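# Notes for the structure review
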Amino acid sequence: CSLLQWGCEDMLEVKPYSELSDDAMLTDNGIRALLNSCYRNMQQSTPSRWQINVAEVTTDIGYNTGGQENLQMTQLINFTWDATLGTFNDDHWAPWYRAIRDANIILELAPKATLSEENRALYTAEARMLRGYAYAMLYNLFGSVPLRTTSESPAQLARASDDEMRSFIESELTAVVPALPDPGAEAAYGRANKGQALAVLAKYYLNTRQWQKAADAAQDVIDLGYYGLFDNFEEMFLVKNEGDKNKDNKEMILVIPCLNQDPYGNWYQAGALPPDFASSAQFPDFQYKAGMSRFATNYRMRSAFVNSYGATDVRAKLIMTEYVNEKGVTVDLMTQANNARSMKYYDNETSGNHSGNDVPVIRYADILLTRAEALNEADGPTQEALDLINEVRGRAGIAELTLADAPDKETLRNLILQERAWEFAAEGKRREDLLRHDRFISTAQSLGIAIAADKHKLFPFPQRERDTNKISGQNPDYETIQ
Amino acid sequence: QQEVTIKGKVTELVDGTGLPGVNVLIKGTSTGTTTDMNGEYVLSVPSDATLVFSFVGYFPEEIVVGSQTEINVPMSPDITTLQEMVVVGYGTVKRSDLTGSVVSLKSDDLTPGANMSVGQVLQGRAPGVQVYQKSGEPGSAISVKIRGISSINAGNDPLYVIDGMPVNTVQPVGSPSIVGTAANQNARSPLNGINPADIESIEILKDASATAIYGSRGANGVVLITTKRGSAGALKINYNVQAGTQRVANKLDMLSGPEYRDVLNSIIDAGGGVASERVTGDIADTDWQDALFRSAPIQSHDLSFSGGKDNTKFYASIGYFNQQGVIKNSGTERYTAKINLENSVDKKYAFGMTLNGSYIHDNFNSIGLGINENASALYSAIYYDPTQAVYDANGLPTKSQFLTNIDHPITMTNGQYAAADSYRFFGTIYGEYYILPELSAKVKISGDVNTSRRNMWVDPSTLVGIQYNGIAAVNTGETNYYMTEGTLNYNKQLTDDHSLNAVLGVTYEHFGSNSFSGSGRGYFTPDLTFNAIGTGSAQLNQVGSGRQSAILASYLGRVNYSFKNRYLLTASFRADGSSRFGPNNRFGYFPSLAAAWKIQEESFLSGLNFIDELKLRGSYGTIGNQGIPNYMFLKTYVADGRGPIFNNSIVTQFYPSRIANPDLKWESATQADIGVDFSFFDRRLSGSIEYYNRKTSDLLLDVPQPPSTGFGSKFENVGSMRNTGVDIGLSGDVIRQESFTWNVGGNISTVRNKVLDLGSVVEIVRGGAGNLPAPAIVREGESIGAYYGYGVVGVWQVNDNYEGWSPNIKPGDLKFYDRTSDKLITSDDRVLLGSSLPQYTYGFTSTWTYKNISLAAFFEGAHGGKILNATAVDSYFPVAFRRNKLAEPYLNRWTPENPTNEYPSFVNPASQGQQQINSRTLEDGSYLRLQSVRLSYNLPLAKGPIKNVQFYAVGQNLFTITDYTGMDPAANALGEDVVRVDYASYPMTRTYLLGMNIQF
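Definitions and cut-offs
Residues numbered from 1 in each chain as written. Chains lettered and ligands numbered in written order. Predicted model: local features only at pLDDT ≥ 70, side-chain atom pairs only at ≥ 80, totals over all residues. Heavy atoms only, no water. Helix = DSSP H or I, 4+ residues; strand = E, 2+ residues; numbered from the N terminus. Rg over C-alpha atoms; globule rule 2.2 N^0.38 Å. Buried < 20%, exposed > 50% of the residue type's maximum accessible area, 1.4 Å probe, protein only. Contact = heavy atoms within 4.5 Å. Areas by Shrake-Rupley, 256 points an atom, 1.4 Å probe, with all protein chains shown as cover. Lys, Arg positive; Asp, Glu negative; His and termini not counted. Charge placed at Lys NZ, Arg CZ, Asp CG, Glu CD. pLDDT = per-residue confidence, 0-100. Phe/Tyr/Trp six-rings, centres within 6.5 Å; stacked < 30°, edge-to-face > 60°. Domains from an automatic or database assignment. Salt bridge = Lys/Arg side-chain N within 4 Å of Asp/Glu carboxyl O. Nonpolar A, V, L, I, M, F, W, Y, C, P; charged D, E, K, R; others polar. Axes fitted to C-alpha atoms, helices over the stretch in contact; angles between N-to-C directions. Parallel < 35°, antiparallel > 145°, perpendicular 65-115°, else oblique. Left-handed = near helix turned anticlockwise from the far one by under 90°. Pairing = 2+ DSSP bridges.

This brings us to the overall build of chain A. Scanning chain A from terminus to terminus reveals 17 helices and nine strands. Compactness check: chain A gives a C-alpha radius of gyration of 24 Å against a globular reference of 23 Å for 482 residues, within 12% of the reference. Reported as C-alpha extents along the three principal axes, the dimensions of chain A are approximately 85 × 55 × 55 Å. For chain A, the proportion of its 482 residues judged to be buried stands at 63%. Here the contacts in chain A between residues at least 6 apart in sequence split such that 71% fall between residues at least 24 apart. Summed over its atoms, the accessible surface of chain A is roughly 16,700 Å², and 50% of this surface lies on carbon and sulfur atoms. Of the side-chain charges in chain A, 48 are positive and 68 negative, and the distance between the mean point of each set is 2 Å.

Laid out in structure tokens, this is it:
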């Protein structure tokens, strides 16, 4: 239109040249592009360091000092956190909800889109699996949350009831299992499969103390016959042994894939290296190179935990207790309290902050221990439970357990918890393990955190949500005093 | 009675040129003559006569003849003359007939030679116009705010109109960064392509009556820039040259090497820090800021030609400006060319064109808001270890063993740089035809094309660069704009008592933009950089492009009516349709009404001869704002090339861009204004006083959405905000004698801002930078600039009662205000800590002229207004122990021997968490600054081709009186207008210039 065509109706119509409309998304490629966004929101490479730390510095295995991240980390260590702590929203709430947003749109557009019935069913199952997984993660951290199941859900939405939340997670994950491909048959490593859905379900049941269901779901994973422990624990986390590079690695059921480039890096290692780290005799294969970041903040492991490993335990070999600094001086990290470092994610090709090591979310070892724990909680120590545990202990190079070591449920529970701490250190599992057995608060108390109280079992809904969604509700005793 | 023949020359006081047409009369008679083309006259007069020289626009002069036979008279221009024409939107009016609030600045007011940019021209000149330089970086935009902050998210910059063409402020290339480096929050000014030397006048429209004719873009005021025109007569050539040097005006006072050693070691002795970080051995004493800063040259050349013959007039100019930055690898170089051409016959027709071209080359040093290695060279220099030498024995940069994640400042400034080349052409062509002597039709077509290319390189020698073996990026962009406009103008004295002036028009504007960017990483050698961007690692290459457009279509009209030249009435209207809004609300309507009463024309004041002007005026109207991004009403899907990893490689993703809002519409403001203009005692004292009240409604608010929706925010029309204030401007001639004059002028403005309503939004926190949490809060009932954080009430002393408090708290720790009285310092204890907006701002000038010498001084300042000092934050809550710290708090820190309440011991800074935003790190930003001093000398010239020669010296930013301990109380690294954070801000400079102006 121009000056001379003054009257025309669409004079003010402009095209968003670089953006797509709803219609353009209604194709196989369109739905898949949306599904990719959903996956990307689950693959939280950079936030993964926070997901690990939040679950460990609040417990008896992790610690932190220095740098700007310590601003938040001290609040987690000292149990002084409140709803304004940035990581709750940025790394634990918003990313899952972005994935949920994408899944909801996929589930609305897929029925209308032009694509094969086969793909329609597959994409729908993937979206539901990712959404169920996201809600399970949110439930783990925050309890029941606003349950958004369509893109039309009002912005102001109250948290669902505990029952609604639980039945949604369970029914969604259960429902999609048949429609998902078998492990190894998915289109690409990183896409959803049956094993992932079952493993998420098993962990969800375990953490919600549904012991029999947890044991069954774990057994379902085992029965897929696809997964197994990777022989070499020490090298299991190396980039070269990731599931898509080393076909012998059948242990990684669900991971956050990482690459050594922005913004896909695993940043945990940069936080674990001392700021003047040059090398360590414990890790002769790892060479520090200029260009690798060493954060001012230090991700540490607590001394008592580090000292609890048995002498032959290969898993302790991934914990650094001494290093050589840039001046060539050997530094014994153990002279300072709580100063050991996990080296699970070292990568010689680290670029800046970015290590390429995938972050394990659910490993097969976790499934074995999940079934063992669930069996013990349901029926007390059994040989089957011990066999499962001993698979894990065997690989770690420590003595197998016998029924004599675990005469009762309580003893075996303690042994399993201890086993899980050794096995999954720096993988962000400790918080839920302690919570499941009501030890989260007592552990904090025993570390001298006198103010640790029941309210800390759940994290608060982020203040950002509270400010914008007044009816969301809040976990007990977190509401801001005005 | 003897008759004598007197001859002489009447000249213009300022530039010494002859004034033709001046009336020379014998006082008390009608006998006399007028001066000729050269300003010369001859007249026979009685020897006891007194001659009266008068000329429109100049102060009259009376001279007793006595025994003189030659009387040369320099006449001083009366710049407040009421006859002067003032440019307003879509027309001009006589100054005396203004009904709205308009400040008019003529080129003579603008301190020739002291202005680097258009923004600087405006500083401190007009009441109600707050101008401050946010950064000393050459070419960075200056904040210009007319009457406060009227919008939260839709922008607060005034609309700039150059020779009738609204300036497109969209930047072709914004402030791109690569991996957090070399970003620049302070965008380039959209007016950088304009040479201040080409400006004839600037009109600042402040009230709704004046701005409503610009409708949806008028809410933040309008600045009309008129460039110079030629005048008929001989060719005039003007050449101005100036050159000078700049130095850093103020450094941060950090610990020196020995102080750093003593302070850090004694903190370790007291139980703080880490023993292994003790400062030992031989130490250097390096001032890293000195190592980074340099004195930098600045120069400019302006050459203009103007003249005309018969109906044709022209003005043409070329300009060159080169300002190096006080940090290496920063600076700006500007080439401008301009031509204005007009052919016209009064009341018959006019045809003309104006063309402006510019080429700007900008160099950027790293000025990031990141942290650690992603921050700027200056950030490194502030925090780097002062006990370390800049270079080692081999001449290589010595890197700190302790501060491994901030880069060596010199390495960084050499290794991270960006340069931009921008070409801009804009111009207007117009034709006006008089259908009747009182009615004309005018058509105008304008265009503006701006292309820019920005190259960036992060060298492998830097901490960031080595991660990828060098990072290169090229960003190109182009904005295009065109406008077509048709107006009808009617202007008639209907009867002796009634006169009418009206304009009616339509305009259509199109805004387009295109961008393309590419980046590469992983280079074999650091030699080719962005000049061969494809030579990096192929799988790390990234490209992107974008295209947008927007349309604004408008109808406008205005009527000025005058009765008995005493009662003036103006009514205006504009309807704007914008493509930025939803189909339901595309058009907005902006009416205004104003009235003025020229009281001095009333007979009851006729006895009071000292009153030259006394005018009461008032106005009311609605104006709008549409300054949001395009397409915000639409739901779409976008891609960013950063999809998930499948099978170890990255795949494409599309995700929903935003929540649709088809009801999105204009932000609108209603503004009431009442004012008095006055001029007394033969214009020795003149000024104006105004009060305004502007309420902005339907704020275009980027409303934070519940994160559980998966979206961050959504543009909605929510809430309202009020600005009220008083603007006072005064000017007076203290001494007005032939050879000596002294003029003082001043202005003061108050603004009170209050957020009235935010709808359902509880509050919005904003303004974070680097590792700083957002310090500001938008909350109903408070100022838009409110800061929010912890109150510091002192320092814990040995004998205080610690019962119930955390065992972490030790004597010497900061004592915070415990609002909730629960003996825990948590985010619930935060309180409002004042506003970033000053209570009042002011400026004053004093000009002395003695014969050929003139001295002008210009002061400006602000009272109140808080600023967050990021260096203080890092000193109170160090990111790393070995970072350098502000000297004052550390040298006077709490110790058992010095139990002060002023500063903590710094032994255990995070004992209660890290309350970074607190009443100590937020400082008072009040200041008084001697912004410029200009001394000039006009060479007395005999007749000849050279009309005038002036030499001058200018000093800028000569001193600042402030309690602020950071870099500068006006600094703002955020690049925005409300929240002020001094985060390793590019330092302000002190500039000394020498210049010469020659006119032929």
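Let us now look at the overall build of chain B. A count of helices and strands for chain B gives nine helices and 53 strands. Radius of gyration (C-alpha) of chain B: 31 Å, near the 30 Å computed for a compact globule of 1000 residues. Overall size of chain B, expressed as C-alpha extent along the three principal axes, is 100 × 65 × 60 Å. Taking all 1000 residues of chain B together, 58% fall into the buried category. Taking all contacts inside chain B whose residues are at least 6 apart in sequence as the whole, residues at least 24 apart take part in 69%. With the model as given, the accessible surface of chain B reaches about 37,300 Å², and the carbon-plus-sulfur share is 56%.

Before going further, it helps to spend a moment on the confidence of the model for chain A. Taken as a whole, chain A shows an average pLDDT of 94; of its residues, 98% reach a score of 70 or greater. Counting interchain partners and residues more than four positions distant, the pLDDT-below-50 stretch residues 1–9 of chain A has 13 contacts.

Our focus in this paragraph is the packing of aromatic side chains. Scanning all chains against the criterion turns up 56 aromatic pairs over all chains. Taking 4.9 Å as the distance between ring centres and 50° as the angle between the ring planes, the aromatic pair formed by tryptophan 93 of chain A and phenylalanine 461 of chain A counts as tilted. Of the two residues, tryptophan 93 of chain A sits in helix 5 (residues 86–109) while phenylalanine 461 of chain A sits in the loop between helix 16 (440–446) and helix 17 (463–468), which places them 368 residues apart along the sequence. Using a relative accessible area of 0% as the deciding quantity, one classes tryptophan 93 of chain A as buried. Taking the centre distance of 6.5 Å and the plane angle of 85° together, the rings of tyrosine 417 of chain B and phenylalanine 530 of chain B count as edge-to-face. Residue tyrosine 417 of chain B is found in strand 22 (residues 416–436), and its partner phenylalanine 530 of chain B is found in the loop between strand 25 (498–521) and strand 26 (542–563); the two are separated by 113 residues along the sequence. On the basis of relative accessibility, which here comes to 26%, the residue tyrosine 417 of chain B falls in the partly exposed class. Phenylalanine 530 of chain B sits in the buried class, given a relative accessible area of 12%.

Residue and element names in this part refer to chain B. Taken domain by domain, chain B holds domain 1 (3–75) and domain 2 (85–248 + 294–770 + 951–999). Centre-to-centre, using C-alpha coordinates, domain 1 lies 45 Å away from domain 2. Of the residues lining the interface, five residues belong to domain 1; the matching set on domain 2 comes to six residues. Here domain 1 is connected to domain 2 by zero salt bridges. Here the side of domain 1 that touches domain 2 is composed, by residue class, of two nonpolar, two polar and one charged.

All names here are of chain A. Closest axis-to-axis distance for the helix 2 (residues 28–42)/helix 6 (residues 117–142) pair is 11 Å, and the angle between their directions is 20°. One element, helix 2, and the other, helix 6, form an angle in the roughly parallel class. As for the relative orientation of helix 2 and helix 6, their crossing is left-handed in sense. Contacts from Asp28, Ile31, Arg32, Leu35, Cys38, Tyr39 and Met42 of helix 2 reach helix 6 at Asn119, Tyr123, Glu126, Ala127, Leu130, Tyr133 and Ala134.

Time to look at the pattern of salt bridges. Residues and elements named next belong to chain A. Under the counting rule described, the total for this entry stands at 77 salt bridges over all chains. Measuring nitrogen to oxygen at the nearest pair gives 3.2 Å for the salt bridge that ties aspartate 162 to arginine 166. Linking aspartate 162 with arginine 166, this pair stays in helix 7 (residues 162–176), spanning four residues, or about one helical turn. The partly exposed category is assigned to arginine 166, whose relative accessible area is 26%. Through salt bridges with shared partners, a single ionic network connects Glu251, Asp313, Arg315, Lys344, Arg363, Arg393, Arg395, Glu419, Glu423 and Glu427.

What follows concerns the sheet that holds strand 4 (residues 40–46) of chain B. All names here are of chain B. Strand order in the open sheet made by the three strands is 4-1-7, with mixed pairing throughout. In this open sheet, the two strands that pair with only one neighbour each are strand 4 and strand 7 (73–75). Across the sheet, the mean angle separating the axes of adjacent strands is 35° when strand polarity is ignored. With three bridges joining them, strand 1 (residues 3–12) and strand 7 adopt parallel strand pairing. By the bridge assignment for strand 7, threonine 11 is matched with proline 74.

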